[in-house]
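# Structural features, examined
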Amino acid sequence: MNTINEKLLGINIDHIATLRQQRGTRYPEPIQAALIAEQAGADLITVHLREDRRHLPDRDVGMLIDVLQTRMNLEMAATPEMLSIAKRIGPSDCCIVPERRQELTTEGGLDVIGNKNYLRDFCLELKEAGIKVSLFIDADERQLDVCQEIGVPAVEIHTGHYADAKNAQKQKALLQIQQAVEYGSNLGLQINAGHGLDYHNVLPIALIQPIKEYNIGHSIISRAVISGLAAAVAEMKRLISSAENCTNPGG
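Everything numeric in this text was worked out from a predicted model, so none of it was measured. (Residues numbered from 1 in each chain as written. Predicted model: local features only at pLDDT ≥ 70, side-chain atom pairs only at ≥ 80, totals over all residues. Heavy atoms only, no water.)

On to the side chain of Ser-219. In this structure, Ser-219 sits in helix α10 (residues 218-227). A distance of 2.9 Å separates a polar side-chain atom of Ser-219 from the backbone oxygen of Leu-197. Sequence-distant contacts of Ser-219, defined by excluding residues within four places in its chain, comprise Leu-197, Asp-198, Tyr-199 and Met-236. (Helix = DSSP H or I, 4+ residues; strand = E, 2+ residues; numbered from the N terminus. Polar contact = N/O pair within 3.5 Å; in protein donor to acceptor, adjacent residues only side chain to side chain. Contact = heavy atoms within 4.5 Å.)

Written as structure tokens, this is what we have:
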């Protein structure tokens, strides 16, 4: 049972599927990776079902939902097709993300302000299906205001700008995230974080106490190639858990 201050780790297993799709083989098996991650301490399994299916195909998502011992966080674009899939398979969580066919990975947060009415109706359908919804957004108080207005219970703050920044710009990006997290938490939103986090940059983000869940994929799968998946998951879990009772940096 999770404690009130426990920081939860979601493992994104997309790149296990990327290795398989690259050669068109039947291995490595994302489902096996998900079970190993859970046994090593993952609190949830995150998968991104892209419109072009470049990582996971529908088959993997459907099979995962039947075997996970924790819960699935399904990342997806706000499209009618994805809505239909989510309602059919019934993950516990859905994170709505922006998506462009040409991008290598998600490049920024949703424009909730510009798509308020559409996203309100979209998220309401997921809520009525018993699915907890979060919106993937940049660290922007205006976006947080609209997330709260349309009634979503949670957001995931895009940490990619922080992860990519250097020197003084990195500290500026970290401060922006800290301020947004505090603001969103005061609005009553659950705050999650993800994108670009790795073993070298995760601790300052983990020290921001209101953040509840951290969704991390590429760095963990990359380390797993060298040290094994169970060890890679356990080390990341140790890092974020070490910050549970610490004071916010710069707080």
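Here Tyr-27 and Pro-28 are connected by a cis peptide whose omega angle stands at -5°. With respect to the helices and strands, the residue Pro-28 is situated in the loop between α1 (14-23) and α2 (30-39). Phi angles above zero are rare outside glycine, and Asn-167 is one such case at about 50°. As for its position among the elements, Asn-167 is in helix α8 (residues 167-186). Unlike most non-glycine residues, His-195 shows phi in positive territory, near 110°.

Our focus in this paragraph is the environment of Ala-129. Mapped onto the secondary structure, Ala-129 falls in the loop between α5 (116-128) and β5 (132-137). Owing to a relative accessible area of 38%, Ala-129 belongs among the partly exposed residues under this scheme. Taking the C-alpha atoms as reference, Ala-129 lies 31 Å from Lys-237; in sequence the two are 108 residues apart. (Buried < 20%, exposed > 50% of the residue type's maximum accessible area, 1.4 Å probe, protein only.)

Moving on, we get to the UniProt feature "binding site: 3-amino-2-oxopropyl phosphate" (unreviewed entry) in the protein chain. Those residues carrying the UniProt feature "binding site: 3-amino-2-oxopropyl phosphate" (unreviewed entry) are Asn-12, Arg-23, Gly-196, Gly-217 and His-218 in this numbering. Their sequence span is 207 residues, while the largest C-alpha to C-alpha distance among them is 25.4 Å; these annotated residues do not converge on one region. Residue placement: Gly-217 occurs in the loop between β8 (211-216) and α10. By relative accessible area, Gly-217 is classed as buried at 11%. Its place among the elements puts His-218 in helix α10. Relative accessible area serves as the criterion here: at 53%, His-218 is assigned to the exposed category. (UniProt positions renumbered as here; feature names shortened; annotations may be inferred.)

Right, let's get into empty space enclosed by the protein. Inspection of the entire model under this criterion finds one cavity of 30 Å³ or more. Considering only enclosed or pocket space, the largest cavity measures out at about 70 Å³ in volume. As for the largest cavity, its lining consists of 13 residues, and the residues nearest its centre are Asn-73, Asp-93, Ser-134, Asn-192 and Glu-213. Breaking the lining of the largest cavity down by element, the ones donating at least two residues are β4 (93-96), β5, β6 (154-158), β7 (190-194) and β8. Of the residues in the lining of the largest cavity, the class split is four nonpolar, five polar and four charged. (1 Å grid on protein atoms, 1.4 Å probe; cavity = no way out; pocket = protein on both sides within 12 Å on 5 of 7 lines; lining within 4 Å. Points joined across faces, edges and corners; volume = space filled by probe spheres on them. Nonpolar A, V, L, I, M, F, W, Y, C, P; charged D, E, K, R; others polar.)

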